[in-house]
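Chain residues, written in single-letter form:
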Amino acid sequence: MKWNLDEKINPSSYTAEPSSSAAGTVSCNHKIPPNPSNPDHTEEYFETLLKELPDGVLITDPHGKILRGNESFYAMFGYCEEDISGRYLHEIMPDSHIQQEIRSNFRKLAKAKLDKVEAIRQNKDGSFLEVIIHGGPILHEGKVTAVFIIYMNISGRKKIERSLKESQKRFSIAIEATNEGLWDWNLLTDEVYFSPRYYTMLGYEPGEFPPLLESWLKLLHPEDREKALTLNNFYKKNALETFEIEFRLRKKDDSWIWILGKGRVVNRDEEGTPLRMIGTHADISERKKAENIIKEKEEFSSSLLEHAPHPIVVYEPDLSIKYVNPAFIELTNFTKEELTGLKPPFPWWPDNHSQHLTLLKNSMGGSRKHEMIFYTKDRVPFWVELSPKAIRIQGDITYYLSNWVDITERKQTSQDLEKEKRYWQQLFENAPEGIVLFNEEDRVLRANKTFSDIFSYEEKEVLGQIIDDLVASPEGYYSKAREYSRSAREGEKISLDTIRFRKDGTPINVSVLGVPLKMGDGTSFGYGIYRDITARKKIEEALDIEHNYLLNLFEGAPEGIVLCDKDQIVMRVNRAFCKLFGYT
């Protein structure tokens, strides 16, 4: 049978003091009568010895009937002498298994000495305690006259041992769960206990290398040896309790692993010199790889920031400046020292900066681009395009990054283009000639007021219409006009005087200039410039009439007429002149 000792045994209830017992304080006021057969006081000595012994002593006859016990026995088991005197030993412990064990042990005790047997025994109140039993026969003239039994209460010690064993088990489980190796270093002998995991972590079988400090030293990486030894010596000479260090150890296959070593001084001499240290080794190779990857990424990112052609500013979550790159410094003329840690308003903002703070806060939450005007340290204005972005790690904003593009030149060019655009717009609208822009299908995209006036159209009537349908629809003009329009779109410059027609069909003399326009994407357009030459045509017709009149007069004159230039070179003669002088 097994007893649940932790539940039933209360070691604090049993001590070697005569005044304590499992049931409380036991008062056994008995008096041992004097023995007149021992005038040399041997019995007095014997009584004193029994009384002072911390262990319980019980005397029985050879058959197990209790003759007497000492006060420690009574205190240990909760009895008085009157409770057990004259009873058999097995009767005072009612548990059947204990009774059986008592009978078995007693048969041995009656014949020979029983040497320190651990056993479970029962108190008067039925609870159990753990004891070591030692005893044997008492002989007189070679015969067994009595049996002595000595009980040592080990319940407290056993509980402590079980608690310690459980703690060691939990510690062992915890160490195994953390996958760490345990070491225990005797600083006086340099002997070191290495746990099984310590060995297997390095690819060895447990116990494969000697449990000495020298073994660890041989496994140390050459680059880490000086650092590790310096730390060890420092802790051996100083009163510091704990340490932590990272180093590399060589595995059995000659590869290297990174170790995080932690240790604590657990024993010192009277002068405070460390005598013993314990600690753990954890394999942090994967963590080191991850750290190296992160470090490489950080160095790569830092290099990108440092060598980025565009200005970059990094803000903390509270919008204080964390970092500015060299391109930012070059653009603004501020120094890193002037800007790092600075909070809004920033010195490159305009004097009226209230809207900038609002815009900065709002923009940090998104990724829209913004064009803003800022100022250098010397208050020279410049334009930038801002691209803000919130950088998050595990959902939390760790910093904001704002990428700047200097668009001052682009802005100036844009402003110049805008001016030029307005100039050409005004020129287009106020030109005395009618101007029309048409696409690859010859459809009108735009026409100025003069064009509308010349051909008597409203602007809305012109847009989207084929140009030749508007001004050259009569038969005999249309096909030729289409040919001219196509040639202009394809790159040929067209210039001619012709007749075109107003909205109501009235013919009008015009001078037409067709100008091709090619875009970068290959798209073709055409400009048609129309000038009303009706007045000029009338003058030309009048001049033709006058010219014919004068020519007829010159030729029909009865006198000979000759026209000469300033050098008397004959330019022209009439018929009468030729007839008069016989020339043809």
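Reference entry: report on the structure contained in this document. Residue positions are given per chain, counted from 1 along the sequence in the order it is written. Since the coordinates come from a predicted model, pLDDT governs what is reported: local features require at least 70, and pairs of side-chain atoms require 80 or more to be given and counted, while whole-chain, interface and lining totals use all residues. For side-chain calculations, the full set of non-hydrogen atoms in the structure is used, while hydrogens and water are omitted.

Attention now goes to the overall build of the protein. Secondary structure elements follow DSSP: runs of H or I no shorter than four residues count as helices, runs of E no shorter than two count as strands, and numbering proceeds from the N terminus. Check the secondary structure of the protein and you find 20 helices and 22 strands. Considering the protein as a whole, with its 584 residues, one finds that 37% of them fall into the buried category. Any two residues having at least one pair of non-hydrogen atoms within 4.5 Å are treated as being in contact. For the protein, the share of sequence-separated contacts (at least 6 apart) that also reach a separation of at least 24 residues comes to 43%. Relative accessibility decides the category of a residue: with a 1.4 Å probe and only protein chains considered, values under 20% of the type maximum give buried, values over 50% give exposed, and everything between is partly exposed.

For Phe, Tyr and Trp, rings pair up if their centres lie within 6.5 Å, where Trp contributes its six-membered ring, and each pair is then called stacked (planes under 30 degrees apart), edge-to-face (over 60) or tilted (otherwise). In this structure the tally under the stated criterion is 26 aromatic pairs. Here the aromatic rings of Tyr315 and Phe346 are separated by 5.6 Å at their centres, their planes lie at 40°, and the arrangement is tilted. In this pair, Tyr315 is assigned in strand β11 (residues 312-315) and Phe346 in the loop between α12 (336-339) and α13 (354-363), connecting sequence segments 31 residues apart. Here Tyr315 matches Phe346 in class, with each residue buried. With a centroid separation of 4.6 Å and 55° between ring planes, the pair formed by Phe328 and Trp404 is classed as tilted. Of this pair, Phe328 sits in helix α11 (residues 326-332) while Trp404 sits in strand β15 (residues 396-406), and the two are 76 residues apart along the sequence. Among the residues examined, Trp404 registers a relative accessible area of 1% and is labelled buried.

Salt bridges are counted wherever a side-chain nitrogen of Lys or Arg sits within 4 Å of a carboxyl oxygen of Asp or Glu. Counting across every chain of the model gives 41 salt bridges. For the salt bridge of Arg162 with Glu130, the shortest nitrogen-to-oxygen distance reads 3.0 Å. Here Arg162, found in helix α6 (residues 155-178), pairs with Glu130, found in strand β4 (residues 128-140); they are 32 residues apart in sequence, far enough to count as distant. Take Arg162: its relative accessible area is 26%, and that puts it in the partly exposed class.

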